[in-house]
Each structure stands twice: as C-alpha cells, then as structure tokens.
Amino acid sequence: MNASLFALALMDGVSYAALLFLVALGLTLIFGVMRILNIAHGSLYAWGGYFAATLGLLITRFELSPLLALPALVVAAVLLGGLLGTVLEFALLRRILDKDPILQLLVTFAAFMVLEDLQRMIWGVQPVFVSDVVSQLGTLSVAGVTYTRYQLLVLPSMAVLAFFGLRWFLGRTALGRQVTAVTHHREVATAMGVNTGRVTWLTISVGCALGALGGALASPTTSFTPGIGAEMMVLSFAVVATGGLGQIGGAALAALMIGLARSFAIYLLPELEVLVPYLIMVGVLLIRPEGLFSTAAARRI
C-alpha cells in the first residue's frame, strides 16, 4: 500500500468513525441511564439525514446564503431528534422501563418499523442527497491526496466536541451529576430527591438528538435510501458492545477501531468490508465479554 492510498484510507476511516461515534454515543447514553437498548435509534439517524438533506435542498432552491447550510443541518437535526426523543420517551420508553428486556427489544423494534414506514411515506424510496456543504467548504491536499475539508475537519471536530461536551456536562454540572447518579442507582437517586423523570426525558432527548445529528452530518456525503437506518443501527450496536455497554470512552475507541478497519478493508480486502466490524466485535468480546471498558469497574457513563 503506497503512502497516498494509506492516507486516503486513514482519512476515510476517521471521518466514518466520527459519524459512527455520534450515533453510538446517543445509543450508549440512553442505555447507560435507562438500561434499554433502543432499536428505534437507527431510524433517528435516517430521519436526521433525510430532514437535513431536504433542508439543504430548500436552501439551494430559494438561493439562500450557503453559509446557512451547515448550522441549519446541525440545528435542524438537534431539534428533530429532541422532538422525536420526547415523543418516544413519553409515549413508549417510560412505559417499558421495568419490563423484561425481551419485551423492551420487541417494543423498540416495533417503533423502528413505524418510523421506517413513516419515512417512506414522507420521502419515498428515491435516494435523497445534498452536497452543497461539501463543495462550499472546498478541499485540501494531504500526502498527495485531495480530500474534502468537510470530511477531514468538520466531521471529526463535531465528534470531538460531542465527546468532551458530554464529559463536561456529566462531570461539571449539577444536572449532569444527577444523570450520573441515576446511572449508578435509580432508586437511591430518587430517594435523595433527584427528579428521575426529568433526567430520563433529558437523556432520551439528548441521545436521540445525537443519533439524528449523525444522520444530518452524513447527508452531504451519503445518499439516504430506505434501509440505511437499519444498517447504521447494527453498526452502532457493534460499537456499543465492543466498547462496553454504557461507556462513552469505550464507544469512542470502538468507533475509531471499526471505522479505520472498515476503511482499510475497502481498499485492501473489499470482500471483507461488511464482515470486518463484526470480526472486531467478536474478537474483543471473546477476550473481554464486558467490552473494552468494563461496566463493572466504571459503572457506566
């Protein structure tokens, strides 16, 4: 592998890992607080992407300033994800909080199917894609490879910002410490006066917003078609399981491992591209069944 191809695979892997981490971060945050593996999370990625692409096309159609495109994608995704998260929390997730895990999986899978059908009703089955953000930010040359600034700078920056922002929130704010208390022991936190209902709603809203944000940021580089939410859901599950259920640092490391491995597989062994993420997950879980970061030691989040 020559230097240019290596650099291209490395940059592709980092940009893809950033998107994967944002989606997995929302999933692991919800699990850390509610202990529910929310299968509907994949649909939030798809909804965020479709909605952001539609908004980007409207900005182009009405000849608005292209500088509005990126902040519009981010704000729209956060608002949409927060709204859908609120609906899911009030209508569904709070009702299955103490139910059997199998029932939780079935109910959230049903929610996933409903959201997928609504997505087809609104946007149809044709690919939706908007690339104006990428073209506006231009390109740069790295190791002889021309690469977009959007993928090389914006996507990793958003992932890093989300990682440290969530770390700061959980460790430095009163509400964040309440979230951490609920992850450790919900009953004790309630007895100490923590409003667990508010904490749960906040967690679901933020987690869903992160999933939608991942889709929105992917929309300038990815064609959104029916089924893309299921694909991202499976990959984000692999990230969460590899990093350790409920572990933010583990999700970051696992997303980087899987993103880089998948990217290098595309250039070196394309027939193994789909298989590589799951080989990494199986390899890690065979050695450390609790994932890279032990939930028993770190107590989640």
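Described below are features of the structure shown in this document. Quick caveat: nothing in here was measured; it's all calculated off a predicted structure. All residue numbers refer to position in the chain's written sequence, counted from 1. Restriction of local features to residues with pLDDT of at least 70 applies here, the model being predicted, together with a cutoff of 80 or more for giving and counting side-chain atom pairs; totals for whole chains, interfaces and linings are based on all residues. To get the side-chain values, all heavy atoms of the structure are used, and hydrogens and water are removed first.

Note on conventions: DSSP H or I runs of at least 4 residues are helices, E runs of at least 2 residues are strands, and numbering of each starts at the N terminus. As for its position among the elements, Q104 is in helix α4 (residues 101-123). In this scheme, a residue with accessible area under 20% of its type's maximum is buried, one over 50% is exposed, and one in between is partly exposed, where area comes from a 1.4 Å probe on protein chains only. The class for Q104 is buried, based on a relative accessible area of 6%. We call two residues in contact when some of their heavy atoms are within 4.5 Å. Ignoring sequence-local partners within four residues, the contact set of Q104 consists of R35, I36, I96, L97 and K99.

Turning next to the pairing of strand β1 (residues 139-142). Pairing of β1 with strand β2 (residues 145-148), which is carried by four bridges, proceeds in the antiparallel orientation. Within the sheet, the bridge partner assigned to L140 lies in β2 and is Y147. With antiparallel pairing between neighbouring strands as the criterion, β1 and β2 make up a hairpin whose turn holds two residues, including A143 at a positive phi of roughly 55°. When DSSP finds two or more bridges between two strands, those strands count as paired.

Secondary-structure assignment places N2 in the segment before α1 (3-34). On the basis of relative accessibility, which here comes to 48%, the residue N2 falls in the partly exposed class. Separated by twelve residues in the primary sequence, N2 and V14 have C-alpha atoms spaced 18 Å apart. Pairs of N or O atoms within 3.5 Å make up the polar contacts considered here, provided that, within protein, one atom can donate a hydrogen while the other can accept it, and that residues adjacent in sequence are counted only when both atoms are side-chain atoms. A distance of 3.3 Å separates the side chain of N2 from the backbone nitrogen of S4, its partner in a polar contact. Within the structure, N2 has its side chain in polar contact with the backbone nitrogen of L5 (distance 2.7 Å).

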